[in-house]
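# Chains, contacts and geometry: an overview
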There are 2 protein chains.
Amino acid sequence: EKIKSRKPRWSIRASEMSKKTFNPIRAIVDTMKATPNPNKPMIALSIGDPTIFGNLPTDNEVTRAMKEAIDSQKYNGYAPSIGQSQHKDIILTSGCSQAIELALAVLANPGQNILVPRPGFSLYKTLALSLGVEVKLYNLIPEKSWEIDLKHMESLVDDKTACIIVNNPSNPCGSVFSKKHLQKIIAVASRQCVPILADEIYGDMVFEYGAFKALAPLSTNVPILSCGGLAKRWLVPGWRMGWILIHDRKDIFGKEIREGLVRLSQRILGPCTIVQGALDHIINRTPQHFYDNTINFIKSNADLCYNTLSTVPGLCPVRPAGAMYLMVGIDMEHFPEFESDVDFTERMISEQSVFCLPATCFEYPNYFRIVLTVPDELMVEACRRIREFCLEHYQGGEAVQDLECDK
Amino acid sequence: EKIKSRKPRWSIRASEMSKKTFNPIRAIVDTMKATPNPNKPMIALSIGDPTIFGNLPTDNEVTRAMKEAIDSQKYNGYAPSIGQSQHKDIILTSGCSQAIELALAVLANPGQNILVPRPGFSLYKTLALSLGVEVKLYNLIPEKSWEIDLKHMESLVDDKTACIIVNNPSNPCGSVFSKKHLQKIIAVASRQCVPILADEIYGDMVFEYGAFKALAPLSTNVPILSCGGLAKRWLVPGWRMGWILIHDRKDIFGKEIREGLVRLSQRILGPCTIVQGALDHIINRTPQHFYDNTINFIKSNADLCYNTLSTVPGLCPVRPAGAMYLMVGIDMEHFPEFESDVDFTERMISEQSVFCLPATCFEYPNYFRIVLTVPDELMVEACRRIREFCLEHYQGGEAVQDLECDK
Ligand SMILES: Cc1ncc(COP(=O)(O)O)c(C=O)c1O
Ligand SMILES: Cc1ncc(COP(=O)(O)O)c(C=O)c1O
């Protein structure tokens, strides 16, 4: 037996992968060291969680479905790792986050790249980098209600592009793409032979009835993995129920992608079986008025917020059409005190106790994002304080921002 | 604008990672093409899910805790990604599987190796290979109630060893390590300066009161990630609630490992918040008699099964001391008809409609594993059929296996 040259000593380092796993929101927010103004109660418009204020409970049918699933004692055991769905093209996941993780993990190899919207949800980048996959950002155009700059998007595609992520309705923009625009997106993907990962977690959360079109039914050839979940529309983000729907009319994914997803799902198995057991009931028996109430509430806050901030000098809100967010441009020239949107929002906390996420979190400086699910009286108060803040810091003459924003 | 040389065409392949993610149990079981004997109803002793026969429901306190969490409407929102535990050293995960996944992902880089028991739970290898981490198998010794061959284990450690996985109580062995043995394991890890991943999902599921010792309290210096969950002891594997407890008395992990785990947890966020909300109640208010009943039931099946199979020619059952499994050696010399344990168990399906997992699934040929959570009358019937099967195929004189098995 050969003698080992190794001299053991302790030196445990966290893995490279854990170091590459990086949440930009955390990184930015954790460095924002503002303490709220002690004279004003804090209003957080920062977190994409519709449940935190307690004003938007889920529906009784939803909780009933859960309790029935528990009482049945039928959903305590392991489900298949892809979930107990009736349909072979549905993979149930632990939240839409895991849906996106699995979709990326099956489509992309280290060294490849994916196309991601800017501004866009930060998880795409977090997951891609942790997989060693490069991110290329394609532009959304605020003046066109955040439609994709399709030329720019197409110019980014190369041999190593594994997929295009399309997020509709959008976080952080609150935008909703028209059918026509979606068709053009598909045309790009088709020309370039690149599959699409459609993040439709805000599907159907739109202010105009019927304005949401799912991407997949519009595609005749481009294979699409659409990711969704219960989190937003059913107001239960903590329950971690998501899904991937595999759309592949022309059999371009073939069985390889489906098998890959099945294999990857075996690493941690699917979502909580109680929620799985309740899922059919939740999706099919939640009454329409529940969805309508949520949407009407968000829309009313959106109108209120948009209308107020439109008249604030130096701000350029972009009217949303769905989801639960509103993006506000900051005319930084008129706020010379502040270096950046991070600076701006930080000071809004310390002076007005209003917390909005700087859009640098979404790779989009000089904007901030407002979450629209807060109780309406807080929405009013928050907008009042944002106005006060801007009036105090605005420099450069009268409030002419209506022109500047080219509305 | 330069013209692209790229000629787009569709060629979508599943990623390397998805191909490396490989469940050996599925691979083996899916090739077992036996159809059960139509004259005998199937008895599956193959799946480590105590709920499938319906004879082991979870406790009323457990379901009550869940329903209270639902009714409170307090657990619909996002929890912190590591879960809403009071303690900074507890990370809640989506099942013990994700606990193991995160622990491996934070400790090991591609190209490193981990030490894994043989026979052992197949997920370790699945996860390691999907991360590009090599697996080295250390031997368990059936004659010593499946204690670790410590010399062998230590001989496998090298510069690239990221951690040692210790599974106690064991799947598939049903073995339970003594305090003394655990101390010796820790001594090896300490000498070699290698951290331990303790998989204690069957913690406290032991036949002799107090026989289970958690590994971490016995360590003065070796840093340990212990992984556990609700799956087995509370009989709710589908609920996907697991955890990592970080033990690091000498601050050898430092903050790096903790931070790495936090970062990795942000990829898909934690387990279902309803189960999180019920967790305290579940752990602290489930009555002792519930645990006792489960254990007594499993123990009684274990005795029954062990006693019966001990008298069957050609079989060498190893008496378990906990968990919910029993391993049975096959004296292959006396079954010349069969090439392997896979062959043997396959024929047991087609002739007797009894399905046991061949231990090749656990990298341990010539054994099969029996799951002990089936209703007792089925246990009796299954043992009867296994006996019949062996009597039919045993070759080589009288039943002298008592001697052969060195009991
Ligand atoms: C665009 C987008 N996609 C995915 C998610 C993740 O959803 P889940 O909570 O179901 O993981 C979010 C959550 O905020 C989101 O905004
Ligand atoms: C030894 C061992 N560890 C971990 C697990 C996974 O547990 P969970 O269902 O909580 O992911 C199992 C499941 O059978 C197991 O046997």
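Above: the structure in question.
Summarised in this report is the structure supplied together with it. Every value quoted in this text rests on a predicted model; they were computed, and no experiment measured them.

## A few points about the sheet that holds strand E10 (residues 315-318) of chain B
Residues and elements named next belong to chain B. Read across the open sheet, the 4 strands follow the order E10-E11-E14-E13; overall the sheet is antiparallel. Of all strands in the sheet, those bounded by a partner on one side alone are E10 and strand E13 (357-358). Both strand E11 (residues 325-330) and strand E14 (residues 367-371) contribute to a ladder of 5 bridges, which runs antiparallel. In the strand pairing of E14, Tyr325 is matched with Val371. Against the sheet, helix H10 (residues 288-310) engages E10, E11 and E14, with an angle of about 155° to E10.

## Here we look at the environment of B:Ile100
Looking at where B:Ile100 falls in the secondary structure, it is placed in helix H4 (residues 95-107). Apart from residues no more than four positions distant in its own chain, B:Ile100 is found in contact with B:Leu123, B:Tyr124, B:Leu127, B:Leu197, B:Asp199 and B:Cys227.

## Section: the relation of the copies chain B and chain A
The transform that puts chain B on chain A rotates by 180° and translates by 0.0 Å along the axis, for an RMSD of 0.0 Å. In the structure described here, the two chain copies are related by an operation that fits a two-fold rotation axis. The residues that chain B uses at the interface reappear at the interface of chain A in 100% of cases, marking a shared surface.

## Quick look at the interface of chain B and chain A
Listed as interface residues are 85 residues of chain B and, on the opposing side, 85 residues of chain A. For the pair chain B and chain A, the summed buried surface comes to about 7000 Å²; carbon and sulfur atoms form 56% of the total. Two residues, A:Asp71 and B:Lys67, come together in a salt bridge whose shortest N-O distance is 2.6 Å. There are 38 residue pairs in polar contact (both at pLDDT 80 or more) connecting chain B and chain A. At the level of elements, helix H1 (16-20), helix H3 (60-71), H4, helix H5 (123-130), helix H6 (150-156), helix H7 (179-192), helix H8 (254-265) and helix H9 (273-285) of chain B are the ones that each hand at least two residues to the side of chain B that touches chain A. Each residue belonging to the side of chain B that touches chain A can be placed in one class, and the counts come to 40 nonpolar, 25 polar and 20 charged.

## Some points on the site of ligand 1
Around ligand 1, the structure places 15 residues, and the nearest of them are A:Ser97, A:Asn171, A:Asp199, A:Tyr202 and B:Tyr78. Between ligand 1 and the protein, one listed contact pairs a nitrogen atom with a side-chain N or O atom of A:Asp199 at 2.6 Å. Within the side chain of A:Arg240, an N or O atom sits 2.8 Å from an oxygen atom of ligand 1. About the coverage of ligand 1: the protein hides 96% of its 390 Å² of free accessible area. For the shell around ligand 1, the element with the most residues is helix H4 (residues 95-107) of chain A, which contributes 4 residues. Classifying every residue of the shell around ligand 1 by side-chain character gives 8 nonpolar, 4 polar and 3 charged.

## A word on the site of ligand 2
Around ligand 2 lies a shell of 15 residues, among which A:Tyr78, B:Cys96, B:Ser97, B:Asp199 and B:Tyr202 are the nearest. Near ligand 2, residues from chains A and B are present, making the site a shared one. B:Ser97 has a polar side-chain atom sitting 2.5 Å from an oxygen atom of ligand 2. A distance of 2.7 Å is found between an oxygen atom of ligand 2 and a side-chain nitrogen or oxygen belonging to B:Asn171.

## Remarks on the sheet that holds strand E5 (residues 147-148) of chain B
Residues and elements named next belong to chain B. The mixed open sheet is built from 8 strands, whose spatial order is E2-E9-E8-E7-E6-E3-E4-E5. At either margin of the open sheet sits one strand with a lone partner, and together these are strand E2 (90-94) and E5. Of the strand pairs in this sheet, strand E8 (residues 224-229) and strand E9 (residues 241-247) are connected by 6 bridges, and their pairing is antiparallel. Among the inter-strand pairings, Leu225 is bridged to a residue of E9, identified as Ile246. In this fold H5 packs onto strand E3 (113-118), strand E4 (134-141), strand E6 (161-167) and strand E7 (196-199), with an angle of close to 165° to the strand it touches most, E3.

## Description of the packing of H4(B) against H8(B)
Residue and element names in this part refer to chain B. Remark: H4 packs on H8, axes separated minimally by 9 Å, with the N-to-C direction vectors making an angle of 125°. Taken together, the axis directions place H4 and H8 in an arrangement best described as oblique. At the point where H4 passes H8, the crossing takes the right-handed sense. Between H4, through Leu102, Ala103, Ala105, Val106 and Leu107, and H8, the contact on the second element is made entirely by Ile257, Gly260, Leu261, Leu264 and Ser265. Class assignment of the residues belonging to the contact of H4 with H8 gives a composition of 8 nonpolar, 2 polar and no charged.

## Some details on the pattern of salt bridges
Per the stated rule, a full pass over the model turns up 40 salt bridges over all chains. Between A:Lys255 and A:Glu259 there is a salt bridge, with the nearest N and O atoms lying 3.8 Å from each other. Of the two residues, A:Lys255 and A:Glu259 both sit in helix H8 (residues 254-265), 4 residues apart, roughly one turn of that helix. Its relative accessible area of 37% is what places A:Glu259 among the partly exposed residues. Here B:Asp158 ties to B:Lys136 by a salt bridge, and the two come within 3.0 Å at their closest N and O atoms. Of this pair, B:Asp158 sits in the loop between H6 and E6 while B:Lys136 sits in strand E4, and the two are 22 residues apart along the sequence. Judged by its relative accessible area of 24%, B:Asp158 is partly exposed. Given a relative accessible area of 18%, B:Lys136 falls into the buried group.

What counts and how
- Residues numbered from 1 in each chain as written.
- Chains lettered and ligands numbered in written order.
- Predicted model: local features only at pLDDT ≥ 70, side-chain atom pairs only at ≥ 80, totals over all residues.
- Heavy atoms only, no water.
- Pairing = 2+ DSSP bridges.
- Helix = DSSP H or I, 4+ residues; strand = E, 2+ residues; numbered from the N terminus.
- Contact = heavy atoms within 4.5 Å.
- Axes fitted to C-alpha atoms, helices over the stretch in contact; angles between N-to-C directions.
- Least-squares fit on C-alpha atoms with pLDDT ≥ 70 in both.
- Buried area = accessible area lost by both parts, 1.4 Å probe.
- Salt bridge = Lys/Arg side-chain N within 4 Å of Asp/Glu carboxyl O.
- Polar contact = N/O pair within 3.5 Å; in protein donor to acceptor, adjacent residues only side chain to side chain.
- Nonpolar A, V, L, I, M, F, W, Y, C, P; charged D, E, K, R; others polar.
- Near = heavy atom within 4 Å.
- Areas by Shrake-Rupley, 256 points an atom, 1.4 Å probe, with all protein chains shown as cover.
- Parallel < 35°, antiparallel > 145°, perpendicular 65-115°, else oblique.
- Left-handed = near helix turned anticlockwise from the far one by under 90°.
- Buried < 20%, exposed > 50% of the residue type's maximum accessible area, 1.4 Å probe, protein only.

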